[in-house]
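Summary of the model geometry
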Protein chains: 2
Amino acid sequence: LVSFGAIGKDHPSLILTSSDVKLMQEGYGKSPLFRTNVDRVQRELDAEMQRPLAVPVPKDAGGGYTHEQHKKNGRLIMNAGVLYQVSGKQKYADFAANLFLKYAALYPSLGEHPKKKNQAPGRLFWQSLNESVWLVMAIQGYDAIYKALDHRTRQNIELNVLRPMADFLSVGQPKTFDKIHNHGTWAAAAVGMTGYVIGEDDYVEKALLGLDKSGKSGFLKQLSLLFSPEGYYAEGPYYQRYALMPFVLFAQAIETNQPERKIFEYRNSIVMKAIYTTVQLSYNDLFFPINDAIKSKGLDTMELVSGLAIAYGMSGDNQLLDISARQKRVALTGGGAKIALARDAGKIVPFQFKTMKLSDGAEGDEGALVILRSSDKPGHQALVLKNTSQGMGHGHFDKLSWIFYDNGQEIITDYGAARFLNVEAKNGGRYLPENKSWAKQTIAHNTLVVDETSHFHGKWKDGQKKSPEQLAFDETETIQLSSAVMRGAYEGVAMTRTIALIKDPELEFPVTLDVLKVDATQPHLYDLPVHYNGQLMDQSVVLKSATSGMRALGDKNGYEHLWLKAVGTPKEGKLARFTWLTDNRFYTLNTVSEEQSQFLFTELGAHDPNFNLRREQAIIHRIPKGEKTIFVSLLEPHGDYNPAVEYTLGSHSQIKSLKLHKRGSYQAITFTTVFGKRWILTLSYDQDKQKTHQIKLGDKEISWQGFYSLQTVE
Amino acid sequence: LVSFGAIGKDHPSLILTSSDVKLMQEGYGKSPLFRTNVDRVQRELDAEMQRPLAVPVPKDAGGGYTHEQHKKNGRLIMNAGVLYQVSGKQKYADFAANLFLKYAALYPSLGEHPKKKNQAPGRLFWQSLNESVWLVMAIQGYDAIYKALDHRTRQNIELNVLRPMADFLSVGQPKTFDKIHNHGTWAAAAVGMTGYVIGEDDYVEKALLGLDKSGKSGFLKQLSLLFSPEGYYAEGPYYQRYALMPFVLFAQAIETNQPERKIFEYRNSIVMKAIYTTVQLSYNDLFFPINDAIKSKGLDTMELVSGLAIAYGMSGDNQLLDISARQKRVALTGGGAKIALARDAGKIVPFQFKTMKLSDGAEGDEGALVILRSSDKPGHQALVLKNTSQGMGHGHFDKLSWIFYDNGQEIITDYGAARFLNVEAKNGGRYLPENKSWAKQTIAHNTLVVDETSHFHGKWKDGQKKSPEQLAFDETETIQLSSAVMRGAYEGVAMTRTIALIKDPELEFPVTLDVLKVDATQPHLYDLPVHYNGQLMDQSVVLKSATSGMRALGDKNGYEHLWLKAVGTPKEGKLARFTWLTDNRFYTLNTVSEEQSQFLFTELGAHDPNFNLRREQAIIHRIPKGEKTIFVSLLEPHGDYNPAVEYTLGSHSQIKSLKLHKRGSYQAITFTTVFGKRWILTLSYDQDKQKTHQIKLGDKEISWQGFYSLQTVE
Ligand SMILES: [Zn+2]
Ligand SMILES: [Zn+2]
């Protein structure tokens, strides 16, 4: 005999509790912001309630009618429950109950979905992932209307919908349920939350500890393995945002029902870390577009609206209000009401965007995502250094690549994913073929390409096996520095990249020094692209431009998508430099290298018969034949282009010289400005912080301790 | 014997009067906005006053040191005068006087500037235009400090600077002074304003009526000839903004000193009209980029800051506050103080951006600039139809071209000028060679190109001789329509273009119908480009795309700059349509034509060895052999692309059919939506509004009065 609802247990008691409901009612009365959010959901719901209930027999795959309708119904049940709690109006409880009863009549008759594919199939949906999401939504609605239902109705809903679905999502698909993967997290959340609401401890234990309740799988294990110790998710920010949702919802449900588990303290507060880290993985409100990522996704996504409400509810950290203010909505939860009340009361504190090294991998030993920021102010410079693991099937072949932001803009760019989400004419809104042929390829990134092939020959499973090693990370007033080495992305080739953001009152803006050291045992062709956003203003190389005809640069590995617009040859003995204009600011890339170099000016769009690619551009630093070699570049923002008031200041680079000095395994990079100051960055590559190193530069003796030093001479 | 200052005359009495000074002092006390503006100028001036006075012997041309220093000194004298008046602090008067005395020591010794070129030479500057501007500034400063100076100092300044300069700019360069041209206006303003301040009526009369005081030239004549009756300036908005400055300043000076002239009522208040029209010539704060125009220029320019202060001072029209709020500054004048006080008091009223036909030419008979707007709200649709005269040397060969704005963006675009203002690496900041080879050419515009040549064979003096004739202009709730004919841009070819903005509750957004009728006496090759801003999503033609190689489309008249990316052939009997995505909205261009057509997909950038051109794109509707023919297109904004919340709505066109029906010299264009509604636009091209016309369409009789009708069938 099963019991229908734990006797004496209060409801709601999942994401909402009775004190949350009081908070929301207070919010509705006192906060115009919260009221607006409640009213909007109410308007949507009132409109829907005019229509006949639609619970169709499952037929269509993603994007089709029955798919979208069931998705919508899950959301409607949840929202109706929330509105019932906030307003006390019976009609919302009735609406949710009636929808549930339709499902109770339908669900037991369903077998596997007719459109099932490779993914674990669902019953309402072609993949069980959507069914987990549906249950996560619907169980919140059920919890909210629980007390408004009579015993018969509860019995009907629990026996015909909630239990069969929870069974199906757990014992019914053991492989998915026990998998350490985002789909497993959704299933665990759905089953565990259902367990709390209907008082079925068995569901809760399976959800937390895996089907065999050993703890080798299940939610706690997932929390231990899917995020790095700093809360970084291996697939990158775009998927981190998505993955976050079941983690924070289930954690909140655990906290409500089993506070003794101290789930928010678990693994050094990994849930909260994951939320804060998600926010840190952004610039000017948009997520860093690494791996398969739609570039317009940012802090405004629904997942982060929910996550923020839960985080603020727990912490009351007023920094989070700053993020909420960048979102169009607040969540209809107790935390959401708290946020709205606090925002209306003017308690916003600027969020502290920081320089940080986020290690990757469950143990933190699979490389790192490094973020360097010149400040935490709007318009600051930010560098994103992708020294992470592969990130599974959505990962790009971009070891040690970087992105550079300044002045609110992405300046050195990453293409992101080749995809127009939900646009039917573009491959049904799915990833485009060019996502594989271009966006994932190494040449599409700001990192070294060897012999015109991609890292790991473009095989992500090979990529999973090797990660970069972070050698150094340091932050002082004048310099932020990261150094990492990647071995084995190409056989017999190691690349060590050191990137430093250098500030100095004599520099108009901070500059970025990039030292890429390549160690190979055989000669290779090296290409180092810089994908830049802007209009080329000036360059110091001798240009040979395509005028009446233009050819694709290659025929595979992404090269087939590049038009070769021009080839530049450095003037002998001179710095090669390139100045472009982005918005109102100039950027000069100053480069030196030891070998005979060429610079290829490319434009994206060859072999793109259906106009699937955006028109972007790159300057590729090519060394036709190199073995051990070093690429050095200095990126320098400068000036102000202001045609509105008819002035242009500082359109010329202020860098006078940039030089590489090799001393055995040590290097020194020196640069000077037109104002006469000279900077010397030395590199020992020695991680021993105590060890002293010494080189001679001209007649100057330089000594330093540890990995690097930065010295200046006036 | 000359008199130094009209005895008993009050000072300041030019742009400022004593009551303006009171207003400014009130503004400084009461308005945080005005105080901020005064403080900023004061900070700049205080910093400058720390440095030694620099009045160098003229040596450099535009952009060089002596040029920039003299420009700056003119502004410093003016600002010091204003600050002296507002603050009463003697140090500002002393600073302006000391600068003047340096000029008094230098100026009499100067001959023509060593860097003089074709333009009328100055003495301080390489062209006298800059000298006029200098005097317009400096005389305002002199007026402001007049009372702080002793007789000797006045005598010195007037005899050695003001009079010789005014003489030089009038009798010293009679051709420029008497020319009906912007340079003449600056000279007249400089000389006339000087006349008022030093009490020299002769200067005033020459400035107003020309050197011979006959009224055949001079300021009043310029006011009569340089603007159209509606206040449109033939060179277009970019130069209109610049031309405005001397007109409004001198008009204000006349109003102060000779109110009996009622200068602001002159020619039906042409000065005020010109100011308001300048504002109307914009979308989303930026000026329409027709002719040689830097695209980032907009309502924020200094000229309009000054103009607005004078207009608001005269009219108190609170709509102007809306424009002021889009500017970063307010003028340091009485009007500026009024604006600041009113803005601080919350008196802003939204500026009424309107649908309007602005006739061109002094008599209003040289065509028109037509602006159609779907509403006056932010994000409204706006169409700019360039049915104007050539606009002299800065004019483009773009008869009957159009620009389309929607959703805050330029969607169907005009390239503007090929120029990076003041960027030395780009041809010294001057117009680039590509301004002539691309930006001015007809193929760079959204209008008909015949036989791959530009209008008037690219000769602007020929272009000056012929203007379009505006045939119809109408505005109702449901349709806004303009029709114009251009004869003689090509020999033996007349083109009549009718463009209608159609609103209907059944349409998601208003749509634009474009009917371009070509009448020629011989067969020609016709190209009709649509330069669009966005990413191509879908198209209905059979595409043959360049994949591994791409050629320039031609070798002259702008065609040499176009890469031919793909050629599309319409599927038989089908509408050719093209859908692109701009920001979050889709745009479908539906086209039909009578002849065998091709569609050329082009990208800008061929024959551009120095990367001077922006990477833009076009779809060119080509009729390889046509004589009399008609191009019809319907542009339809639709849908919502919102990857942030993962939905895309309405990515498909809602237009089901678009057809052209010819009935003798009449035409009917019909189109239907997927919802079943049918629109019929009929055209008689008959300007007689009373005359009735009739055609049969299938078995339906349609009759209408006048030029056109729009009818709908459910
Ligand atoms: Zn990527
Ligand atoms: Zn143009």
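Everything discussed here concerns the structure shown above.
Residues numbered from 1 in each chain as written. Chains lettered and ligands numbered in written order. Predicted model: local features only at pLDDT ≥ 70, side-chain atom pairs only at ≥ 80, totals over all residues. Heavy atoms only, no water.

**Some words on the coordination of the zinc ion (ligand 1)**
Residues and elements named next belong to chain A. Definition in use: Sites may look incomplete because water is not among the atoms; the donors themselves are N, O and S atoms within 2.8 Å of the metal, or within 3.2 Å for Na, K and Ca. Strands here are runs of E lasting at least two residues and helices are runs of H or I lasting at least four, both read from the DSSP assignment and numbered beginning at the N terminus. Under the scheme applied here, a residue whose accessible area is under 20% of the maximum for its type counts as buried, over 50% as exposed, and between as partly exposed, the area being computed with a 1.4 Å probe on protein chains only.
Within the protein, the atoms that donate to the zinc ion (ligand 1) are His396 (ND1), Asp414 (OD) and His445 (NE2), at distances of 2.1 to 2.7 Å. The sequence pattern formed by the donor residues of the zinc ion (ligand 1) is H-x17-D-x30-H. Here Asp414 is found in the loop between strand S7 (409-412) and helix H16 (433-439), whereas its partner His445 is found in the loop between H16 and strand S8 (449-450), with 31 residues between them in sequence. Owing to a relative accessible area of 2%, Asp414 belongs among the buried residues under this scheme.

**Let's talk about the packing of aromatic side chains**
So the rule is basically this: Only rings of Phe, Tyr and Trp enter the pairing, Trp through its six-membered ring, and a pair is recorded when the two centres are within 6.5 Å. The plane angle decides the type: under 30 degrees is stacked, over 60 is edge-to-face, the rest tilted.
With the rule as written, the count across this model stands at 54 aromatic pairs over all chains. Measuring from ring centre to ring centre gives 4.6 Å for Phe219 of chain A and Phe250 of chain A, while their planes differ by 65°; the resulting arrangement is edge-to-face. Within this pair, whereas Phe219 of chain A is found in helix H10 (residues 219-225), its partner Phe250 of chain A is found in helix H11 (residues 237-257), the two being separated by 31 residues in sequence. Take Phe250 of chain A: its relative accessible area is 0%, and that puts it in the buried class. Ring geometry for Tyr415 of chain B against Trp438 of chain B: centres 6.4 Å apart, planes inclined by 90°, an arrangement best described as edge-to-face.

**Looking at the coordination of the zinc ion (ligand 2)**
A four-donor tetrahedral metal ideally has 109.5 degree angles, and a six-donor octahedral metal ideally has angles of 90 or 180 degrees. Distances from the zinc ion (ligand 2) to its protein donors, His396 of chain B (ND1), Asp414 of chain B (OD) and His445 of chain B (NE2), fall at 2.1 to 2.7 Å. Counting the intervening residues between successive donors of the zinc ion (ligand 2) yields the motif H-x17-D-x30-H.

**Section: unusual backbone geometry**
The omega torsion of the bond from His11 of chain A to Pro12 of chain A falls at -5°, within 30 degrees of zero and hence cis. Among the structural elements, Pro12 of chain A can be located in the segment before helix H1 (18-30). At Asn407 of chain A, a position not held by glycine, the phi torsion is positive, near 55°. In this structure, Asn407 of chain A sits in the loop between strand S6 (401-406) and S7. Its identity as a non-glycine residue notwithstanding, Asn557 of chain B has a phi of 60°, on the positive side. Take Asn557 of chain B: it is sitting in the loop between strand S16 (549-551) and strand S17 (562-570).

**Considering the sheet that holds strand S27 (residues 678-683) of chain B**
Residues and elements named next belong to chain B. Test applied: Two strands are counted as paired when DSSP detects at least two bridges linking them. Each axis is a line fitted through C-alpha atoms, and for a helix only the stretch in contact is used; angles between axes span 0 to 180 degrees, taken between their N-to-C directions.
As summarised here, the arrangement of the four strands in space is S25-S26-S27-S30, forming an open sheet in which the pairing is antiparallel. In this open sheet, the two edge strands, each paired with only one partner strand, are strand S25 (655-663) and strand S30 (708-713). Neighbour to neighbour, the strand axes of the sheet diverge by 15° on average, direction disregarded. Of the strand pairs in this sheet, S27 and S30 are connected by six bridges, and their pairing is antiparallel.

**Notes on the interface of chain B and chain A**
For the record, the criterion: The criterion used for residue contact is that any of the two residues' heavy atoms lie within 4.5 Å. By definition, the buried area sums, over both parts, the 1.4 Å-probe accessible area that each loses when the two are put together. For this document, the term salt bridge refers to a Lys or Arg side-chain nitrogen within 4 Å of an Asp or Glu carboxyl oxygen. We define a polar contact as two N or O atoms separated by no more than 3.5 Å, with the added condition that, inside protein, one atom must be a possible hydrogen donor and the other a possible acceptor, whereas residues neighbouring each other in sequence contribute only through side-chain atom pairs.
Contacts between the two partners involve 54 residues from chain B, matched on the other side by 54 residues from chain A. Together chain B and chain A conceal approximately 4,800 Å² of surface at their shared face, both sides included; 54% is due to carbon and sulfur atoms. Three residues stand out in chain B for area buried against chain A, namely Gln535, Phe611 and Arg615 of chain B, and they jointly supply 16% of the buried area on that side. Taking the shortest distance from any N to any O, the salt bridge between Lys565 of chain B and Asp608 of chain A comes out at 3.9 Å. Joining chain B to chain A, the criterion identifies 19 residue pairs in polar contact (both at pLDDT 80 or more). Mapped by element, the contributors of at least two residues to the side of chain B that touches chain A are helix H11 (237-257), strand S14 (535-539), strand S15 (541-545), S16, S17, strand S20 (598-604) and strand S24 (647-649) of chain B.

**Here we look at a nonpolar patch on the surface**
Applied cut-off: A patch is a set of surface residues, each over 30% in relative accessible area and not in a salt bridge, joined within 9 Å for like charges and within 5 Å for the nonpolar side chains Val, Leu, Ile, Met, Phe, Trp and Tyr. Values of accessible area rely on a 1.4 Å probe in the Shrake-Rupley scheme; residue burial ignores everything except the protein chains shown.
A cluster of nonpolar side chains, contributed by Val645, Tyr647 and Leu649 of chain A together with Met302 of chain B, occupies part of the molecular surface with about 310 Å² of accessible area. In this structure, Val645 of chain A sits in the loop between strand S23 (640-642) and strand S24 (647-649). Since its relative accessible area comes to 30%, Val645 of chain A is described here as partly exposed.

**Section: the packing of helix H4 (residues 90-106) of chain B against helix H6 (residues 151-169) of chain B**
Residue and element names in this part refer to chain B. Put simply, the rule reads: Throughout, the term roughly parallel applies to angles under 35 degrees, roughly antiparallel to angles over 145, roughly perpendicular to angles from 65 to 115, and oblique to all others. Should the near helix be turned anticlockwise from the far one by less than a right angle, the crossing is termed left-handed; should it be turned clockwise, right-handed. Residues are grouped as follows: Ala, Val, Leu, Ile, Met, Phe, Trp, Tyr, Cys and Pro are nonpolar; Asp, Glu, Lys and Arg are charged; every other residue, Gly included, is polar.
Across the interface, H4 lies against H6 with an axial gap of 8 Å and an inter-helix angle of 50°. Relative to H6, the element H4 lies oblique. As for the relative orientation of H4 and H6, their crossing is left-handed in sense. Residue-level inspection shows Phe100, Leu101, Tyr103 and Ala104 of H4 in contact with H6, the latter providing Thr153, Asn156, Ile157, Asn160, Val161 and Leu162. Its residues placed into classes, the contact of H4 with H6 shows seven nonpolar, three polar and no charged.

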